[in-house]
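# Structural features, examined
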Amino acid sequence: MISSLTNIVARRDLLKELVVSELRRSTAGSKLGWLWWFFDPVLMMLVYWGIVAGLFGRGSEAYAPYPLFLFCALVTWKHFATAVSRALTLLRGNERLIKSVAFPTVVLPLSVVFSGFVYFLAGFAMLLVAVLIWPSPNHSGSYGWVLQIFPLMVFQLAITAGVCMAMSCYGALLQDLRLFVTHVLRVGFYLSPGLYGIDVIERKLSTSVEAPWGDALYAAYMANPFALLISGYRNAVMFGAPVPWEWWLALAAESLLVLWGGYCIYQHHDRRVIKFL
Amino acid sequence: MTAASSSSSDSAAPPPVIELRDVGLWFRLQHRATRSLRELLTGREPQAAVKTKWALRGVNLTCREGESWGIVGHNGAGKSTLCLVLANILTPDEGVADVRGKVSALVTLGAGISPELTGRENVLLYASFLGIPRETIVANMDEIAEFSELCDALDDPVRTYSTGMRARLGFAVATSLEPEVLILDEVLAVGDRAFQQKSRARMEEMMSKSKCILTVSHSASFVRQVTTHCLWLDHGEVRMSGPTGEVLRAYEAASDGSAS
């Protein structure tokens, strides 16, 4: 059973059942059950807030309220990072299943992406409520821009799915990759505007690097789709500001490229990877 | 009496249900289980210098409708690998494998069962892996509960089940399919004696409904009983294939009576 697009569509029931099972599994046996979907991102935010605000006393006016500014980035990044690190061990972890039933194995990485997306949505719903209760002093007042989150979410899903498809193959073929990627993901988080905003980077690069290079470095920094996604969510939700059109363009191009690339990589390795498990 | 002889094979040569032509499949030997970074990035197959082993090589097999094939051979002869190829799980590295029709492989039972979920939830999940439509499995749920003898335990988490209960659950779901091509890999020994008899009866029922059956078994008496043809694999190559009686006689003679 090849993991082609038509087969994925034909087996969407399986994908749905996998996501539902994954969500059930996450709540089974825990006392608070699905409430954890809400507690978990809040606790993570509190830890980062405690470190950043407590230790460094950072809490610039532009970012107020900082906990929500932080939360925006953390739920987004967590969806990506968790899905990628799970994808790396996915095929090997399901070896027995893969070798006993013929099914398009690509549903496994996709189910990880979608079940993680449900946690992301739970966190994001909380963010939307929190923004109303605790609005940013810099909010433009036009709440319509919040609708921008939907296309942003589509791009986020596409990029995460593309990376996860590739990583599930490479993780099965090259076991050491898992250890390496853990560090790459950590660096990736600090290279994305998680704890800070992109204005910091822009200012730093324009003042401390010579003229043409500063702009080039800034462009390179903004090529990171998560710089665009996180800043985009902040614009839409916290500041009521439009996402610049060149960001949309970059995101569309990058997500198409990553999704298509990941799909091609999976197609290429699909059945061949099984005998290496 | 063979289970498959009910359907006639006299009609003017319909295309074979299963056709393997020069099928070959290699495995990397254990000392380097994964590919090198370079091979990975270039997508190139490993070089000849890397030690690989052909698990199957030059395997030809043609199964027509109504035939029941047994696959025999010593341990490591490639029987299970051949099953995986036939079940469309592994793709051969050379040659062509054509399997026409809905295949069901009873190769490993109970794979993919999550201990945290209840029996019922696992049935739904496992059934969707097998490609059984949700309505069908929901309609069959009572029958599955009854057959697996799990009636009341079905809503308990599977981690509270005994090994036998898990195996019965897996067997009940896997056999609720009605495949055209059935592949069996030594899964007869499930549960206690009473359940074994029941599962045997269920399998014979499935065999009578399917177009073509392939069975891997170490039990010569079982193979003799249920198959019309036999394929003898030796180190990944076909040593002999043909009517069951002839092949089994030669196979038993070759293994010097050490086989049961």
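Structure report, in brief. (Residues numbered from 1 in each chain as written. Chains lettered and ligands numbered in written order. Predicted model: local features only at pLDDT ≥ 70, side-chain atom pairs only at ≥ 80, totals over all residues. Heavy atoms only, no water.)

The next point concerns unusual backbone geometry. In this model, Ala64(A) is joined to Pro65(A) through a cis peptide bond whose omega is -10 degrees. Relative to the helices and strands, Pro65(A) resides in the loop between α3 (36-56) and α4 (66-93). Positive phi, close to 70 degrees, is recorded for Asn88(B), a residue that is not glycine. Note on placement: Asn88(B) falls in the loop between α2 (79-86) and β4 (94-99). You can call Asn88(B) partly exposed: its relative accessible area is 41%. (Helix = DSSP H or I, 4+ residues; strand = E, 2+ residues; numbered from the N terminus. Buried < 20%, exposed > 50% of the residue type's maximum accessible area, 1.4 Å probe, protein only.)

At the interface, 31 residues of chain A touch 35 residues of chain B. Both faces combined, the contact of chain A with chain B buries some 3,100 Å², and carbon together with sulfur accounts for 61% of it. Considering only the surface of chain A that becomes buried against chain B, Glu17(A), Lys275(A) and Phe276(A) emerge as the three largest contributors, covering 21% of it. Viewed at the interface, chain B and chain A are joined by four salt bridges. Arg134(B) is the salt-bridge partner of Glu17(A), the closest N and O atoms lying 2.6 Å from each other. At the level of secondary structure, the elements contributing two or more residues to the side of chain A that touches chain B comprise α2 (12-27), α5 (95-98), α7 (149-173) and α12 (245-269) of chain A. Per-element accounting of the side of chain A that touches chain B gives the leading share, six residues, to α2(A). Grouping the constituent residues of the side of chain A that touches chain B by class yields 16 nonpolar, five polar and ten charged. (Contact = heavy atoms within 4.5 Å. Buried area = accessible area lost by both parts, 1.4 Å probe. Salt bridge = Lys/Arg side-chain N within 4 Å of Asp/Glu carboxyl O. Nonpolar A, V, L, I, M, F, W, Y, C, P; charged D, E, K, R; others polar.)

With that settled, consider the nonpolar core. Core analysis: the largest hydrophobic core is formed by 152 residues, its most contacted members being Phe103(A), Phe124(A), Ile18(B), Leu82(B), Phe129(B) and Leu214(B). With 18 residues, the top contributor of residues to this core is α4(A). Membership of the second largest hydrophobic core comes to seven residues, among which are Val72(B), Val223(B), Cys230(B) and Trp232(B). (Core = buried A, V, L, I, M, F, W, Y, C linked by side-chain atoms within 4.5 Å.)

All names here are of chain A. Checked against the element boundaries, His-79 lands in helix α4. On the basis of relative accessible area, His-79 is assigned to the buried category, the value being 4%. From its side chain, His-79 meets the backbone oxygen of Val-113 in a polar contact 3.0 Å long. Contacts of His-79, omitting those with residues within four sequence positions, involve Val-113, Gly-116, Phe-117, Phe-120, Gln-156, Leu-157 and Thr-160. (Polar contact = N/O pair within 3.5 Å; in protein donor to acceptor, adjacent residues only side chain to side chain.)

Bringing the packing of helix α4 (residues 134-147) of chain B against helix α5 (residues 163-174) of chain B into the picture now. Packed helices, taken two at a time, are described by the angle their axes make and the gap between the axes. Residues and elements named next belong to chain B. Orientation of α4 relative to α5, taken along the N-to-C sense of each, is 140 degrees, at an axis distance of 10 Å. By the angle between their axes, α4 is oblique relative to α5. Once α4 is placed against α5, the crossing between them reads as right-handed. Counting all contacts with α4, which are made through Ile-137, Ile-144 and Phe-147, the residues of α5 involved are Phe-171, Ala-172 and Val-173. Tallied by class, the residues present in the contact of α4 with α5 amount to six nonpolar, no polar and no charged. (Axes fitted to C-alpha atoms, helices over the stretch in contact; angles between N-to-C directions. Parallel < 35°, antiparallel > 145°, perpendicular 65-115°, else oblique. Left-handed = near helix turned anticlockwise from the far one by under 90°.)

Okay, the packing of aromatic side chains next. Using the criterion set out here, one finds 20 aromatic pairs over all chains in the structure. Pairing Tyr48(A) with Phe189(A) gives two aromatic rings, centres 5.6 Å apart and planes at 55 degrees, and the pair type is tilted. In this pair, Tyr48(A) sits in helix α3 while Phe189(A) sits in helix α8 (residues 177-191), placing the two residues 141 residues apart along the sequence. The partly exposed category is assigned to Tyr48(A), whose relative accessible area is 22%. One aromatic cluster is present, built from ring pairs that chain together Tyr48(A), Trp77(A), Phe80(A), Phe189(A), Tyr190(A) and Phe226(A). In this structure, Arg202(B) packs its charged tip against the face of Phe147(B), placed 3.9 Å from the ring centre. (Phe/Tyr/Trp six-rings, centres within 6.5 Å; stacked < 30°, edge-to-face > 60°. Lys NZ or Arg CZ within 6 Å of the ring centre and 35° of its normal.)

Residue and element names in this part refer to chain B. Strands sit in the order β2-β1-β4 across an open sheet of three strands; the sheet is antiparallel. Either end of the sheet is taken by a strand with one partner, and the two such strands are β2 (52-63) and β4. Looking at each pair of strands side by side, their axes are set apart by 30 degrees on average, direction ignored. As judged from the five bridges shared by strand β1 (residues 18-28) and β4, these two strands associate in the antiparallel manner. Looking at the pairing, Glu-19 lines up with Asp-98 of β4. In the packing of α2 onto the sheet, the strands contacted are β1, β2 and β4, and the crossing angle to β1 comes to about 120 degrees. (Pairing = 2+ DSSP bridges.)

Once that is clear, we can look at the sheet that holds strand β9 (residues 237-243) of chain B. Residues and elements named next belong to chain B. A sheet is described by the order of its strands in space; here six strands give the open sequence β5-β6-β7-β3-β8-β9, paired in mixed fashion. Pairing within the sheet leaves two strands with one partner each, and these edge strands are β5 (103-106) and β9. Each strand axis lies, on average, 15 degrees off the axis of its neighbour in the sheet, ignoring direction. Pairing of strand β3 (residues 68-72) with strand β7 (residues 212-216) involves four bridges; the strand directions are parallel. Across the sheet, the residue bridging to Ile-71 is Val-216, located in β7. Where α2 meets the sheet, its contacts fall on β3, β5, β6 (181-185), β7 and β8 (229-234), and the angle it forms with β6 comes to roughly 155 degrees.

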